Amino acid sequence: MAGKSLINDYTSGPVAKQLLGFAWPFMVSNLLQTAYNLVDMMVVGRFVGAAGLSAVSVGADLLHFYTFIGMGFCNAGQVIISQYVGLGDRKGLSKIVGTMFTFILGLSLVVAALGLAGVDAIMGWLNVPAEALDSCRAYTVCCTAGLLFSFGYVMVAAILRGMGDAKRPLIFVAVASVLNVALDVLLVSQGMGTLGAALATVIAQGTSFLFSLVYLWRRRERLGFDFQLRDLIPDRRNLGLLLRLGIPMMIQSCAISVSTLFVSSRINAYGVTVSAVTGVGSKLSAIASIITLALSQAGATMVGQNFAARKPERVQKTLVTAILLGGAFAVLLSAVMVLWPEQVFALFNSEPEVLAMSHAYVGIAVLNFFGWACRGPSTALCNGMGFPAMNFILGLIDGVVMRIGLCLLLGEVFQMGVQGYWLGSALAGYAFFIVMFPYFLSGKWKTRQPPVVE
């Protein structure tokens, strides 16, 4: 590769320092992404009310499902890139980048077309409250039409993160966050409601994606990928790797997302206030994921590099450090929620019914916070190794067995109502840890072969 490489090698040096140094841009990036999602909720909650809050909450859950389809393959690409880096295979690195561009951007167009064609049926399946139906449809249609931008940004971020660069994706999401906040306040306050919030998100994501493309193009020599037509033709071997790792990751994420949508559809039947409270709860979970997802994303690259380089002791140190840091953050968030539940919910909506129900959500929020702390290191190990079978199993256990199963058991069989659905969904967040922690302790993962050399 000519010029200064974009690649960072994490197969030597102090693990804790490297993990923190690599993870902090992820943390800030996740914070900014969460912030502009929160701004959507806050601005809509203030200017449109509980119905708007419900609409954005349900619409956002659906858009997360679409995005998770692309993220499954992007995460797979990140793992493949990190393992090529660990092996020092620059030719393989260039080929997987081109394969990702063609496949993932094409996939975004297919998902968008299907989502737009079925939007009315989906709204009915989700039991969107009547007061929120029109607003939810407008939000969903607009964001679905802009899926190319969200898939594209996630793809470029995965490419850079796989090579150990977390700082540039931070810059791109910072651009999107600032623009989204400004447009949110402008468009929603001028009477555009949830459509204004959706337009703000799409414009911000599109701008971020274009910035990221320009960045890659200007550094194409260092990347070893010059954006010529021949480079965009999918490489057969790497496309096979992307599909073999990406399909289970996609199924894992989508199973969790579909189960979340299922639970949301049951909760929405309890009315707009309960739907709004649940929407706020999902944003609180997003706050909990800021650090743990960063540790998972950074950890996956470090695990991938060291797993391919056959350095299991560094894999172990990475995971232990991640769970300690995630646990400390969960303790902090839990304290805030226990002490000031109404003040936290009032940031999104100050209607008396919503604030009164906030106290019933405190215990659920605490369970969610620690569930995220456990999930981060577990996904880092599974994704960093490139373990497709385990991803598939975890998706089914989390999404089908635990989330849907526990929610129906507690909510319907034990007649706990909405509390049962909240509790079942929170407990499902521990599925990854329940499966991956014993596997980690067994040491069997050390005997696996990295997918890029199989």
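Just so it is clear, the model here is predicted, and its values are computed rather than measured. (Residues numbered from 1 in each chain as written. Predicted model: local features only at pLDDT ≥ 70, side-chain atom pairs only at ≥ 80, totals over all residues. Heavy atoms only, no water.)

S.K.: Break down the overall build of the protein for me, with residues and values.
M.R.: Counting secondary structure elements, the protein contains 17 helices and zero strands. Expected size for 454 residues packed as a compact globule is a radius of gyration near 22 Å; at 21 Å, the protein falls within 12% of this value. Expressed along its principal axes, the backbone C-alpha trace of the protein runs to roughly 60 × 45 × 35 Å. For the protein, the proportion of contacts with a sequence separation of at least 24, taken over those separated by at least 6, is 84%. Of the accessible surface of the protein, which amounts to about 17200 Å², a share of 68% is contributed by carbon and sulfur atoms. In the protein, the 29 positive side-chain charges and the 20 negative ones have mean positions that sit 15 Å from each other. (Helix = DSSP H or I, 4+ residues; strand = E, 2+ residues; numbered from the N terminus. Rg over C-alpha atoms; globule rule 2.2 N^0.38 Å. Contact = heavy atoms within 4.5 Å. Areas by Shrake-Rupley, 256 points an atom, 1.4 Å probe, with all protein chains shown as cover. Lys, Arg positive; Asp, Glu negative; His and termini not counted. Charge placed at Lys NZ, Arg CZ, Asp CG, Glu CD.)

S.K.: Can you tell me about the packing of helix H9 (residues 236-268) against helix H16 (residues 418-428), naming the residues and giving the values?
M.R.: Each pair of packed helices gets described by two things: the angle between the helix axes and the distance between those axes. One way to put it is that H9 packs onto H16 with a least axis distance of 10 Å and a crossing angle of 165°. Between H9 and H16, the angle falls in the class roughly antiparallel. Pair H9 / H16 crosses with left-handed handedness. Between H9, through Val-263, Arg-266 and Ile-267, and H16, the contact on the second element is made entirely by Val-418, Tyr-421 and Trp-422. Split by residue class, the contact of H9 with H16 holds five nonpolar, no polar and one charged. (Axes fitted to C-alpha atoms, helices over the stretch in contact; angles between N-to-C directions. Parallel < 35°, antiparallel > 145°, perpendicular 65-115°, else oblique. Left-handed = near helix turned anticlockwise from the far one by under 90°. Nonpolar A, V, L, I, M, F, W, Y, C, P; charged D, E, K, R; others polar.)

S.K.: Pulling in residues and values, what's your account of the packing of aromatic side chains?
M.R.: All told, the structure shown has eight aromatic pairs when counted by the stated rule. Ring plane angle 65° and centroid distance 5.7 Å describe the contact between Phe-172 and Tyr-215, whose orientation is recorded as edge-to-face. Of the two residues, Phe-172 and Tyr-215, neither departs from the other in class, the shared state being buried. Clustering of aromatic rings is evident, with ring pairs tying together Phe-345, Tyr-361 and Trp-422. The cationic tip of Arg-310 hangs over the ring face of Phe-307; the distance from NZ or CZ to the ring centre is 5.5 Å. (Phe/Tyr/Trp six-rings, centres within 6.5 Å; stacked < 30°, edge-to-face > 60°. Buried < 20%, exposed > 50% of the residue type's maximum accessible area, 1.4 Å probe, protein only. Lys NZ or Arg CZ within 6 Å of the ring centre and 35° of its normal.)

S.K.: Describe the nonpolar core, and please don't skip the residues or the numbers.
M.R.: Core analysis: the biggest nonpolar cluster contains 117 residues, and Ile-81, Met-100, Met-155 and Phe-345 have the highest contact counts within it. Leave out the neighbours within four places in its chain, and Ile-81 touches Leu-93, Ile-96, Val-97, Met-100, Ala-158, Ile-159, Gly-162 and Met-163. Counting residues in hydrophobic clusters, the runner-up holds 17 residues, among them Val-303, Phe-387, Met-390 and Tyr-439. (Core = buried A, V, L, I, M, F, W, Y, C linked by side-chain atoms within 4.5 Å.)

S.K.: Explain the pattern of salt bridges to me, using residue names and the numbers behind them.
M.R.: Counted under the stated rule, the structure contains five salt bridges. Between Lys-95 and Asp-235 there is a salt bridge, and its shortest N-O distance comes to 4.0 Å. Within this pair, whereas Lys-95 is found in helix H3 (residues 90-117), its partner Asp-235 is found in the loop between helix H8 (220-223) and H9, the two being separated by 140 residues in sequence. Across the pair Arg-137 and Asp-120 runs a salt bridge whose closest N-O atoms are separated by 2.7 Å. With Arg-137 in helix H5 (residues 133-145) and Asp-120 in helix H4 (residues 119-125), the pair connects residues that are 17 residues apart, well separated along the chain. Classification of Arg-137 as partly exposed rests on a relative accessible area of 34%. Through salt bridges with shared partners, a single ionic network connects Arg-375, Asp-398 and Arg-403. (Salt bridge = Lys/Arg side-chain N within 4 Å of Asp/Glu carboxyl O.)

S.K.: Quick rundown of the packing of H9 against helix H15 (residues 388-413)? Include the residues and the values.
M.R.: Between H9 and H15, whose axes approach to 7 Å, the crossing angle comes to 10°. Accordingly, the angle class assigned to the pair H9 and H15 is roughly parallel. Tallied by class, the residues present in the contact of H9 with H15 amount to 14 nonpolar, six polar and five charged.

S.K.: Tell me about the side chain of Ser-265, and please be specific about residues and values.
M.R.: Of note, Ser-265 is situated in helix H9. Of note is the side chain of Ser-265, whose polar atom sits 2.6 Å from the backbone oxygen of Phe-262. (Polar contact = N/O pair within 3.5 Å; in protein donor to acceptor, adjacent residues only side chain to side chain.)

S.K.: Which residues make up the confidence of the model for the protein, and what are the values?
M.R.: This prediction gives the protein a mean pLDDT of 85; 96% of its residues lie at or above 70. Ranking the elements of the protein by mean pLDDT puts H8 last with 68 and helix H11 (residues 312-339) first with 93. (pLDDT = per-residue confidence, 0-100.)

S.K.: An account of the environment of Met-71 is needed here, citing residue identities and associated values.
M.R.: You can see Met-71 is positioned in helix H2 (residues 50-87). For Met-71, a relative accessible area of 23% gives the class partly exposed. For the pair Met-71 and Cys-254, spaced 183 residues apart in sequence, the C-alpha to C-alpha distance is 9.8 Å.

S.K.: Describe H3, naming the residues involved and giving the relevant values.
M.R.: Between the first and last C-alpha of H3 there are 41 Å, a value that for 28 residues agrees with the 40 Å anticipated at 1.5 Å per step. You can read the cap of H3 off the contacts: a side-chain oxygen lies 3.3 Å from the backbone nitrogen of Lys-91, and it is on Asp-89. (Expected span 1.5 Å × (residues − 1).)

S.K.: For unusual backbone geometry, give the residues involved together with the corresponding values.
M.R.: The backbone of Arg-310 shows a phi angle near 60°, a positive value even though the residue is not glycine. By the element assignment, Arg-310 lies in the loop between helix H10 (272-308) and H11. For Arg-310, a relative accessible area of 38% puts it in the partly exposed group. Residues other than glycine seldom take positive phi values, yet Gln-415 does so here, at roughly 55°.

S.K.: Before we move on, could you go through H15 and cite the residues and values that matter?
M.R.: Its maximal kink placed at Ile-397, H15 deviates by approximately 30°. For H15, the set of buried residues is Pro-388, Met-390, Asn-391, Leu-394, Gly-395, Asp-398, Gly-399, Met-402, Arg-403, Cys-407, Leu-410 and Gly-411. Lining the buried residues of H15 we find H9, helix H14 (362-385), H16 and helix H17 (431-442). Count one or two residues on from H15 and you reach Gln-415, which has phi positive near 55°. (Bend = angle between axes of the 7 residues up to and from the residue.)

S.K.: Give a description of the state of the cysteines that names residues and reports values.
M.R.: In total, this model carries zero disulfides according to the counting rule given. Considering cysteine sulfurs only, Cys-254 is the nearest to Cys-382, which forms no disulfide, with 15 Å between them. (Disulfide = S-S within 2.5 Å.)

S.K.: Before we move on, could you go through a nonpolar patch on the surface and cite the residues and values that matter?
M.R.: Nonpolar side chains collect at one region of the surface, where Leu-332, Val-336, Val-338, Leu-339 and Trp-340 lie side by side and expose about 480 Å² of accessible area between them. By the secondary structure assignment, Val-338 is in helix H11. (Patch = residues over 30% accessible without salt bridge, like charges linked within 9 Å, V, L, I, M, F, W, Y side chains within 5 Å.)

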